Amino acid sequence: MPLDKKTDQEDTDHHEAKGASSDESHELNSSGEGEVFRKRQRLRSPSPGLSPRGTPQASPPRFASMEEIMAAASGVGNMVLAHEIAVDNNFTLKPVEPPESSLEKQIKDIVHKAFWDSLQEGLNDDPPNFDQAVNLLGEVKQELSSLLLPAHTKIRTEINETLDLELIKQQAEHDSIDVFKYANFVMSIMAKLCAPARDDEIKKLGEITDVVQLFKEIFRIIDLMKLDMANFTIQSMRPHIQQHSIEYERKKFKEFLKTQEEQDGLEFTKQWLKTAADTLVSLQEAFRSRSPSPSASSSNTVNDGASASAAVATAPAAVMLNQGYMNLLQWDDSQLFPETLLMDQGRFLDLRDKVNRLVLVSSVLLMTYSVVGAAISGIKGFVDKLKNVINVLLEGESELDEVMINISEQICKEVNECLTEHSFPAMTESKESSLKKHVQDMKDPEHNVRKLLGSRAKEFIRFVISATSAFDPKKKIPAGLEPVHQELIDLSGQFLRLVIHNRAVFAPFYADIIKEIKEKATSKTENSSTEEKVESRE
């Protein structure tokens, strides 16, 4: 495992990040309940971890050494692995196989076939050539030894004594080597070391009579055993990694930032939080426009820019950060992701898509029950049946226009069957046409019903990540989202876990950025106030 034990100990004693936390950093840490890393394609700068230099300068650039690049890449890789283990309780290593039709797969198959054909030819020679077989036994010995734990001293001794390569070479030179004897010994050791799930596969090895095929299967199963051992190690270390992952990730990220000497390693994080501040201003202005105060409506001297700056300057840091997280649920794929969120980019975007789907499903169900009326409102289990139908049809890769047509037709079919089954008259032709039209109209993200339910769903998630005490989420489900309440609760929980971990790791960085944003807003407000006083005197 590429995690440094020494680093874990260093991080346990590491208090620099904690000491650097300001009041706002504390506020970020305390607010709320406590795919593998994707490399970005930058528009104006190289990918992080690959080159610590910026865009070409007027003077000749000084390139990073290979040691610097490898150290940065290794640090990021370790950070990513620790992060995956910490946030994903189901994280496991899996065998990697190239796609069936890929060039990599073809080359791999050709090379492997040539290797095993060479072994077969050597064994078929007269007299047989055992050189390659002896080398393979040496590799098997190394692989078995790598699976041993420190407590396996007896098995280690047994392996070294039985697979004595010098003795095996002498036997091969005198054509007295018994390959199957050594293979049976290897299988007996594998049976002692393997997980119970591999027992049947190892038993089947004893049925193989062809030496080449036997070696093939031995190496295949040993690779699986190594994967089992790695996953067992991950499972055993997960509590320890989770306990120290926050300090570990923060330290590794600081090391990464040090490689960004001629470019801002937090450029897109700053843009993300600046956008969050702007969003808060927009929300505040929208609220004021809906309920204007008499003084605000009668005053013609209000400076909108100063008012916006004041709103940012006085906004709590936690509120601004939570708004940043909420903006991820409507993230534009054309935008570059913040550096501090890159490791969870796939997870956040997946949650965004799932929330949008829940909103669409809820919108279709709400419109269906509104059009059809009371006849189906009390039929138990029917809403779940319709929900399953919609979800199945949404799984396809067709255009949404086409999918919504299919959904509307299938819903009309299910509704009519349900009405008939419960002795109600089927829908009239006009009502059926109306239902189809209303359902198909839901393809538009700007449809009033979709916008309303989308807003309610996001406000529920905002409440979840902002809550400072335990609550029953089922009692907070917004109207119209009851049919998908469990899915919404599950998605909110996943989102909350990501937010809590990210907030804990990067709180010091966020605190500094938000402090800078608020200082600029304060300065702008003060300047505007001074200008207004000067104008009033004049």
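### Digging into the packing of helix α18 (residues 382-394) against helix α19 (residues 400-421)
Thought 1: As a packed pair, α18 and α19 sit with axes 10 Å apart at the nearest point and diverge in direction by 155°. Of the possible angle classes, the one that applies to α18 and α19 is roughly antiparallel. For the crossing formed where α18 meets α19, the hand is right-handed. Between α18, through Phe382, Lys385, Leu386, Val389, Ile390, Leu393 and Leu394, and α19, the contact on the second element is made entirely by Leu400, Val403, Asn406, Ile407, Gln410, Ile411, Glu414, Val415 and Cys418.

### Comments concerning unusual backbone geometry
Thought 1: Asp126 connects to Pro127 through a cis peptide bond whose omega is 0°.
Thought 2: The phi dihedral of Asp175 is positive, around 55°, even though this residue is not glycine.
Thought 3: For Asp175, the position within the fold is in the loop between α8 (165-173) and α9 (179-193).
Thought 4: Accessibility expressed as a relative area gives 45% for Asp175, which makes it partly exposed.
Thought 5: Positive phi values are uncommon outside glycine, yet Ser423 reaches one of about 65°.
Thought 6: One can find Ser423 in the loop between α19 and α20 (429-441).
Thought 7: Judged by its relative accessible area of 69%, Ser423 is exposed.

### Quick notes on the pattern of salt bridges
Thought 1: According to the stated counting rule, one finds 26 salt bridges in the structure shown.
Thought 2: Between Arg347 and Asp344 there is a salt bridge, with the nearest N and O atoms lying 2.7 Å from each other.
Thought 3: Its salt-bridge partner being Glu446, residue Lys451 comes within 3.4 Å of it at the nearest N-O pair.
Thought 4: A residue is classified by how much of its surface remains accessible, and Lys451, at 44% relative accessible area, is partly exposed.
Thought 5: Its relative accessible area of 51% is what places Glu446 among the exposed residues.
Thought 6: Overlapping salt bridges, with partners in common, bring together Arg198, Glu201, Glu217, Arg220 and Asp228 in one network.

### A look at the nonpolar core
Thought 1: Judged by nonpolar contacts, the single largest core of 78 residues is most densely connected at Trp272, Tyr325, Val364, Ile407 and Phe495.
Thought 2: With 15 residues, helix α22 (residues 485-537) is the single largest residue contributor to this core.
Thought 3: Not counting residues up to four positions away in its chain, the partners in contact with Trp272 are Leu321, Gly324, Tyr325, Leu328, Trp331, Pro338, Thr340, Leu341 and Tyr510.
Thought 4: Counting 40 residues, the second largest nonpolar core, distinct from the first, contains Ala133, Leu163, Ile168 and Ile202.

### Topic: the confidence of the model for the protein
Thought 1: In the predicted model, the protein carries a mean pLDDT of 79, and the fraction of residues at 70 or more is 77%.
Thought 2: Note that pLDDT drops below 50 for residues 1-22; the model gives that stretch 29 contacts with residues more than four away or on any other chain.
Thought 3: Here residues 30-66 is modelled with pLDDT under 50, and outside its nearest four sequence neighbours on either side it reaches 74 contacts, counting other chains as well.

### Description of α19
Thought 1: Over its 22 residues, α19 runs 31 Å from end to end, which matches the ideal 32 Å to within 8%, given 1.5 Å per residue.
Thought 2: Residues Val403, Met404, Ile407, Ser408, Ile411, Cys412, Glu414, Val415, Asn416, Cys418 and Leu419 constitute the buried set of α19.
Thought 3: Turning to α19, the residues buried within the fold contact α16 (345-372), α17 (374-377), α18 and α20.
Thought 4: Remark: Ser423 follows α19 within two positions and exhibits a positive phi of approximately 65°.

### What to know about the side chain of Glu414
Thought 1: Position of Glu414 among the secondary structure elements: in helix α19.
Thought 2: For Glu414, a relative accessible area of 8% puts it in the buried group.
Thought 3: Separated by 3.3 Å, the side chains of Glu414 and Lys385 make a polar contact.
Thought 4: Contacts of Glu414, omitting those with residues within four sequence positions, involve Phe382, Lys385, Leu386 and Val389.

### Examining a negative patch on the surface
Thought 1: On the surface, a cluster of negative charge is made up of Glu121, Asp125, Asp126 and Asp175.
Thought 2: Here Glu121 is to be found in helix α5 (residues 103-124).

### Some words on the packing of aromatic side chains
Thought 1: Summed over the entire model, instances satisfying the criterion amount to ten aromatic pairs.
Thought 2: Seen in terms of ring centroids, Trp272 and Tyr510 are 5.6 Å apart; in terms of plane orientation they differ by 65°. Their pairing is edge-to-face. Within this pair, whereas Trp272 is found in helix α12 (residues 267-290), its partner Tyr510 is found in helix α22, the two being separated by 238 residues in sequence. Each member of the pair, Trp272 as well as Tyr510, is classed as buried.

Calculation criteria
Residues numbered from 1 in each chain as written. Predicted model: local features only at pLDDT ≥ 70, side-chain atom pairs only at ≥ 80, totals over all residues. Heavy atoms only, no water. Axes fitted to C-alpha atoms, helices over the stretch in contact; angles between N-to-C directions. Helix = DSSP H or I, 4+ residues; strand = E, 2+ residues; numbered from the N terminus. Parallel < 35°, antiparallel > 145°, perpendicular 65-115°, else oblique. Left-handed = near helix turned anticlockwise from the far one by under 90°. Contact = heavy atoms within 4.5 Å. Buried < 20%, exposed > 50% of the residue type's maximum accessible area, 1.4 Å probe, protein only. Salt bridge = Lys/Arg side-chain N within 4 Å of Asp/Glu carboxyl O. Core = buried A, V, L, I, M, F, W, Y, C linked by side-chain atoms within 4.5 Å. pLDDT = per-residue confidence, 0-100. Expected span 1.5 Å × (residues − 1). Polar contact = N/O pair within 3.5 Å; in protein donor to acceptor, adjacent residues only side chain to side chain. Patch = residues over 30% accessible without salt bridge, like charges linked within 9 Å, V, L, I, M, F, W, Y side chains within 5 Å. Areas by Shrake-Rupley, 256 points an atom, 1.4 Å probe, with all protein chains shown as cover. Lys, Arg positive; Asp, Glu negative; His and termini not counted. Charge placed at Lys NZ, Arg CZ, Asp CG, Glu CD. Phe/Tyr/Trp six-rings, centres within 6.5 Å; stacked < 30°, edge-to-face > 60°.

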